[in-house]
Amino acid sequence: MERICSGGLVYDCFSSFSQVPWLFHGCFTRKGGVSEGPYEGLNTGLNTGDSAQAVSVNRKAILDESGGGELVVLSQVHGKGVHVHTGTGVDSVEADALVTDRPGAMLTILTADCQAVVLVDPVKRVVANAHAGWRGSVEGVLPETVSVMENRFGCCPSDLLAGIGPSLGPCCAEFVHYKKELPRSFCTHRVGFNHFDFWAISRDQLCNTGLKAKNITAAQVCTQCDDEHYFSYRRSHTTGRMATVIGIK
Ligand SMILES: [Zn+2]
């Protein structure tokens, strides 16, 4: 990961994506921004209790940094719905992944512990961003997203590059009720008693759709462990959301 500090904002980029000249992407930390209290910094989540005006100022700062025309934000519901962004239209669509080939559309996933997984097809010029919390992992939002890239845009999975953003790590992903909540196949990535490595689970799911292992990078940064840079829902239920953004310039 390469850390970028620009105009008060601090965000991380996947080094493997730097070969794609027409791409903007960034996993924004909570640094910068105007939110206060438990949302301190760059909160981008509405319906968190933070002021809508502060969220709007924060989102504008990210849009300006991206150089895009709009941030495309979903109403995320922890499912596996994929929205193909063809026009303008923001916020109201209930889904957990976005795919587009439109320049200027900055696909945005909001998280506090869940994974944002960014995908780019350097050949077909298509980008995607998926919200994968544990429920999304169980539902299979990542295979669903790759499938839409293949079927709607003719992408070849072996061409795709993927990045798994900062999110709950195996150090903190404790699932006391895992026998009820998680499929048995996830036990391959059980760590110790009842912790799980969801970075590895996502990596497996992507490989199973045809991505090459060498094209998948995980930030390997745990959001619950780093209060200074990240919001964490597990650390505090009253908190903000970080934005992860990808788009075609
Ligand atoms: Zn941790």
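Residues numbered from 1 in each chain as written. Predicted model: local features only at pLDDT ≥ 70, side-chain atom pairs only at ≥ 80, totals over all residues. Heavy atoms only, no water.

(A) Just the pattern of salt bridges, in detail. Scanning all chains against the criterion turns up five salt bridges. Notably, a salt bridge pairs lysine 60 with aspartate 64, separated by 3.0 Å at the nearest N-O pair. Taken together, the residues lysine 60 and aspartate 64, both in helix α1 (residues 52-66) and four residues apart, mark about one turn of the helix. Lysine 60 sits in the partly exposed class, given a relative accessible area of 46%. (Salt bridge = Lys/Arg side-chain N within 4 Å of Asp/Glu carboxyl O. Helix = DSSP H or I, 4+ residues; strand = E, 2+ residues; numbered from the N terminus. Buried < 20%, exposed > 50% of the residue type's maximum accessible area, 1.4 Å probe, protein only.)

(B) Quick look at helix α5 (residues 198-208). Along α5, the positions that sit buried rather than exposed are Phe198, Trp199, Ala200, Ile201, Ser202, Gln205 and Leu206. The distance from a side-chain oxygen at the start of α5 to the backbone nitrogen of tryptophan 199 is 3.1 Å, and the residue carrying that oxygen is aspartate 197. Positive backbone phi, at 115°, marks glycine 210, one or two positions downstream of α5. (Polar contact = N/O pair within 3.5 Å; in protein donor to acceptor, adjacent residues only side chain to side chain.)

(C) Spotlight on the layout of surface pockets. In this structure, the largest pocket occupies an estimated 830 Å³ of space. In terms of lining, the largest pocket is formed by 34 residues, of which the most central are His78, Ala112, Cys114, His131 and Arg241. At the level of secondary structure, the elements contributing two or more residues to the lining of the largest pocket comprise β7 (105-111), β9 (126-132) and α2 (134-139). Class assignment of the residues belonging to the lining of the largest pocket gives a composition of 14 nonpolar, twelve polar and eight charged. By volume, the second largest pocket amounts to about 170 Å³. Lining the second largest pocket we find 13 residues, and of these Cys13, Phe17, Ser18, Leu23 and His25 sit closest to its centre. Secondary structure elements with two or more residues in the lining of the second largest pocket: β1 (2-6), β2 (9-13) and β3 (23-28). At three residues, β3 tops the list of elements feeding residues into the lining of the second largest pocket. Among the residues forming the lining of the second largest pocket, the class breakdown is nine nonpolar, three polar and one charged. (1 Å grid on protein atoms, 1.4 Å probe; cavity = no way out; pocket = protein on both sides within 12 Å on 5 of 7 lines; lining within 4 Å. Points joined across faces, edges and corners; volume = space filled by probe spheres on them. Nonpolar A, V, L, I, M, F, W, Y, C, P; charged D, E, K, R; others polar.)

(D) Expanded view of the nonpolar core. Counting 24 residues, the largest nonpolar core has Val99, Leu119, Leu142, Met149, Leu206 and Leu211 as the members making the most contacts within it. Elements supplying a minimum of two residues to this core: β6 (97-100), β8 (115-121), β9, α3 (141-153), β10 (161-164), α5 and β13 (216-218). The element contributing the most residues to this core is α3, with six residues. Residues contacting leucine 142, with those up to four places away along its chain left out, are Val117, Ala130, Ala132, Ser202, Gln205 and Leu206. (Core = buried A, V, L, I, M, F, W, Y, C linked by side-chain atoms within 4.5 Å. Contact = heavy atoms within 4.5 Å.)

(E) Broad picture of the sheet that holds β3. On the basis of which strands lie adjacent, the open sheet formed by six strands has the order β1-β2-β3-β14-β7-β4 and mixed pairing. At either margin of the open sheet sits one strand with a lone partner, and together these are β1 and β4 (70-73). When the angles between neighbouring strand axes are averaged without regard to direction, this sheet yields 30°. Running over the sheet, α1 touches β1, β2, β3, β4, β7 and β14 (242-248) and is turned about 120° from β4. (Pairing = 2+ DSSP bridges. Axes fitted to C-alpha atoms, helices over the stretch in contact; angles between N-to-C directions.)

(F) Broad picture of the packing of aromatic side chains. Throughout the structure, instances matching the rule amount to nine aromatic pairs. Taken together, a centroid distance of 5.5 Å and an interplanar angle of 45° make the contact between phenylalanine 14 and phenylalanine 17 tilted. In this pair, the class of phenylalanine 14 matches that of phenylalanine 17, namely buried. Residues phenylalanine 196 and phenylalanine 198 carry aromatic rings whose centres are separated by 6.4 Å and whose planes lie at 55° to one another, so their mutual orientation is tilted. The class of phenylalanine 198 is buried, set by a relative accessible area of 7%. In this structure an aromatic cluster arises from ring pairing among Trp134, Phe175, Tyr178, Phe186, Phe196 and Phe198. (Phe/Tyr/Trp six-rings, centres within 6.5 Å; stacked < 30°, edge-to-face > 60°.)

(G) Summary view of the coordination of the zinc ion. The zinc ion binds to the protein through Cys171 (SG), Cys172 (SG), Cys222 (SG) and Cys225 (SG), with metal-donor distances spanning 2.3 Å. Classification of the site at the zinc ion as tetrahedral follows from its four donor atoms and the range of 103 to 118° in their angles at the metal. Sequence spacing of the donors to the zinc ion: C-C-x49-C-x2-C. With cysteine 171 in the loop between β10 and α4 (178-181) and cysteine 225 in the loop between β13 and β14, this residue pair connects regions lying 54 residues apart in the sequence. On the accessibility criterion, cysteine 171 (45% relative accessible area) is partly exposed. A relative accessible area of 55% means that cysteine 225 is categorised as exposed. (Donors = N, O, S within 2.8 Å, 3.2 Å for Na, K, Ca; no water. Tetrahedral: all angles 85-135°; square planar, octahedral: opposite > 155°, others 65-115°.)

Bear in mind that shape data such as this cannot, by itself, settle questions of function.
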